[in-house]
Amino acid sequence: LSLLLKATLLHLASGSYHPFYNGFYYNHIMNDNGDGQDKVDYFNGAKLVVETSKDPVYSYNGANVTLPCHYRYEPDLGPKRKIRIKWSKLRDDYTKEQDVLVAIGKTYMAFGDFKGRAHLRQASRHEASLVISDVHLKDDGKYRCEVIDGLEDESDVVDLRLQGIVFPYQPPRGQYRLNFHEAEQVCQDQGAILANFNQLFQAWSEGLDWCNAGWLADGTVQYPIRLPRKPCGGVHLAPGIRSYGPRHRHLHRFDAFCFSSALKGEVFFLDRLAGMTLEEAKQSCQDAGAEIARVGQLYSAWKFLGLDRCNAGWLADGSVRYPIVTPRANCGPAEPGVRSFGFPSKGRFGVFCYRER
């Protein structure tokens, strides 16, 4: 890219344009008279329309996804024009945008974590779809497709949702020991990220009932209740998401709600007749060409791969758990789920290993 073109793309990403939002297109004409009046705008009567998918686009961790976006003129202006396109990722409250990609013609520039993973698909006339490869957990959210033609600037929003699972997490030290930043880290350590409200709400709608409050990605503290009871907000409140609102990210301490998506690999169980210590379990996974599984990987294997094992096994955080898809005698409660033995300091168990495909 020439320096001039790079500067133009960066200027476009900065959002410094102040378009007229009146639904009409203004044609930009250059004036070479040298009289200081170098720009004249003529109204040509065409309206720019931008459209994305009205339904959410679903994907999963590690996949490739296309966020559709098309634009048109009413009436049609004929041959395709050289316009500018900007894709941004929005916050849930729409107060801040993260630059994803900007383009002029067929030249584009991606930003931040999207470098090397994002490009435009312009397979048809007036298409400005965004392609994201190797989808990351943090890619979940709303994206704005913005089309700029002269002074005309129109946009629409599409929602990318990752198929995943929310699980509550407490560290070995016990309940309510994590500030916000520590909660972010423990979720990352378990192959996950802090869940957002939409993900927690979806988990609640699917049956998640948890009476301990946990951090979410926006810095609020909430918890999902299906069966109202006295210790969980009282019996007279309706089922729903209980909220403590925003909390101090350094001083206040709670648990965490983590979000994990589908796996690129597989989780499998290993055991010995006499069981294994945690260190022996880690070595057994390495000997099998794998690594000891993280909590998020076990939850994902249970939800998406149907992993069902009535044998307790070590995980990377030092906890002992086992996944049950089909409840049965001697395998815990009558509901499916991932059972936990906590963080035993002693004992010999099997191990759950994770291996990339």
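Please read these numbers as outputs of a predicted model, since none were measured by experiment.

A. Highlighting the sheet that holds strand E12 (residues 141-149). As summarised here, the arrangement of the 6 strands in space is E4-E13-E12-E7-E8-E9, forming an open sheet in which the pairing is mixed. Only two strands of the sheet have a single neighbouring strand rather than two, namely strand E4 (57-59) and strand E9 (107-110). The sheet shows a mean angle of 25° between the axes of neighbouring strands, taken without regard to direction. Sheet topology note: the strand E8 (residues 97-104)/E9 ladder contains 4 bridges and is antiparallel. From the neighbouring strand, Leu-101 faces E9, where its bridge partner is Ala-110.

B. Structural detail: unusual backbone geometry. Following Glu-74, the chain continues to Pro-75 via a peptide bond in cis, the omega torsion being 0°. Backbone geometry at His-126 places phi at a positive 65°, although glycine is not the residue there. Relative to the helices and strands, His-126 resides in the loop between strand E10 (118-121) and strand E11 (129-132). The residue Asn-330 is not glycine, and still its phi comes out positive at about 65°.

C. Structural view of the pattern of salt bridges. Taken as a whole and assessed by the stated rule, the structure comprises 18 salt bridges. Where salt bridges share partners, they join Glu-51, Arg-72 and Glu-74 into one cluster.

D. Summary view of the sheet that holds strand E5 (residues 65-67). Taken in spatial order, the 3 strands line up as E5-E11-E10 in an open sheet, and their pairing is antiparallel. Bordering the open sheet on either side are E5 and E10, each of which pairs with just one other strand. Taking the axes of each pair of neighbouring strands and ignoring which way they run, one obtains an average angle of 30° across the sheet. The pairing of E10 with E11 spans 4 bridges and is classified as antiparallel. Each bridged residue has a counterpart across the sheet, and for His-119 the counterpart in E11 is Val-131.

E. The packing of aromatic side chains, seen in detail. Under the counting rule described, the total for this entry stands at 15 aromatic pairs. Between Phe-167 and Tyr-299, the aromatic rings sit 4.7 Å apart at their centres with planes inclined by 10°, giving stacked as the arrangement. Taken as a pair, Phe-167 in strand E14 (residues 164-169) and Tyr-299 in helix H5 (residues 295-304) lie far apart in primary sequence, 132 residues in all. Judged by its relative accessible area of 11%, Tyr-299 falls in the buried class. Measuring from centroid to centroid gives 5.4 Å for Phe-201 and Trp-204, while their planes differ by 40°, and the two rings are tilted. Of this pair, Phe-201 and Trp-204 both sit in helix H3 (residues 197-205), 3 residues apart, which is roughly one turn of the helix. Looking at Phe-201, the relative accessible area reads 40%, which means it is partly exposed. One aromatic cluster is present, formed by Tyr-176, Phe-180, Trp-215, Tyr-223, Tyr-244 and Phe-254 through successive ring pairs. A cation over an aromatic ring shows up here: Arg-226 above the ring of Trp-204, its NZ or CZ 5.4 Å from the ring centre. Sitting over the face of the ring of Phe-180, Arg-249 holds its NZ or CZ atom 4.3 Å from the ring centroid.

F. Molecular detail of the environment of Asp-317. Structurally, the position occupied by Asp-317 is in the loop between strand E22 (313-314) and strand E23 (320-324). Here the alpha-carbon distance between Asp-317 and Gln-190, two residues 127 residues apart in the chain, equals 7.7 Å. Beyond its immediate stretch of four places on either side in the chain, Asp-317 contacts Tyr-169, Pro-172, Gln-190, Val-295 and Phe-343. Polar contacts involving the side chain of Asp-317 include one to the side chain of Tyr-169, which spans 2.6 Å.

G. Representation of the state of the cysteines in the model. Taken as a whole and assessed by the stated rule, the structure comprises 5 disulfides. The side chain of Cys-69 participates in a disulfide bridge whose partner is Cys-145; the two sulfur atoms lie 2.0 Å from each other. Where Cys-69 bonds to Cys-145 through sulfur, the torsion about that S-S bond is close to -80°, and the disulfide is left-handed. Note that Cys-69 is positioned in strand E6 (residues 69-74) and Cys-145 in strand E12, a separation of 76 residues in sequence. Between the sulfur atoms of Cys-285 and its disulfide partner Cys-353 the distance amounts to 2.0 Å. In this structure, the disulfide formed by Cys-285 and Cys-353 twists by about -80° around the S-S bond and is classed as left-handed. Of this pair, Cys-285 sits in helix H4 (residues 278-287) while Cys-353 sits in strand E25 (residues 350-356), and the two are 68 residues apart along the sequence.

H. Representation of the nonpolar core. Of all hydrophobic cores here, the largest spans 89 residues; its most connected members are Leu-67, Trp-87, Leu-130, Tyr-143, Val-267 and Phe-352. A total of 5 residues in this core trace back to one element, the largest contributor, which is H5. Ignoring sequence-local partners within four residues, the contact set of Val-267 consists of Ala-293, Gln-297, Leu-298, Ala-301, Leu-307, Phe-352, Cys-353 and Tyr-354.

I. Just H3, in detail. Turning to H3, its buried residues are Gln-199, Leu-200, Ala-203 and Trp-204. Burial along H3 is one-sided: seen end-on, the buried residues are contained in an arc of 140°. Where H3 starts, the residue carrying a side-chain oxygen 3.2 Å from the main-chain nitrogen of Asn-198 turns out to be Asn-196. Phi turns positive, to about 120°, at Gly-207, one or two residues after H3.

The rules we used
Residues numbered from 1 in each chain as written. Predicted model: local features only at pLDDT ≥ 70, side-chain atom pairs only at ≥ 80, totals over all residues. Heavy atoms only, no water. Pairing = 2+ DSSP bridges. Helix = DSSP H or I, 4+ residues; strand = E, 2+ residues; numbered from the N terminus. Axes fitted to C-alpha atoms, helices over the stretch in contact; angles between N-to-C directions. Salt bridge = Lys/Arg side-chain N within 4 Å of Asp/Glu carboxyl O. Phe/Tyr/Trp six-rings, centres within 6.5 Å; stacked < 30°, edge-to-face > 60°. Buried < 20%, exposed > 50% of the residue type's maximum accessible area, 1.4 Å probe, protein only. Lys NZ or Arg CZ within 6 Å of the ring centre and 35° of its normal. Contact = heavy atoms within 4.5 Å. Polar contact = N/O pair within 3.5 Å; in protein donor to acceptor, adjacent residues only side chain to side chain. Disulfide = S-S within 2.5 Å. Core = buried A, V, L, I, M, F, W, Y, C linked by side-chain atoms within 4.5 Å. Arc of directions from axis to C-beta.

No statement about biological role is implied by the geometric values presented.
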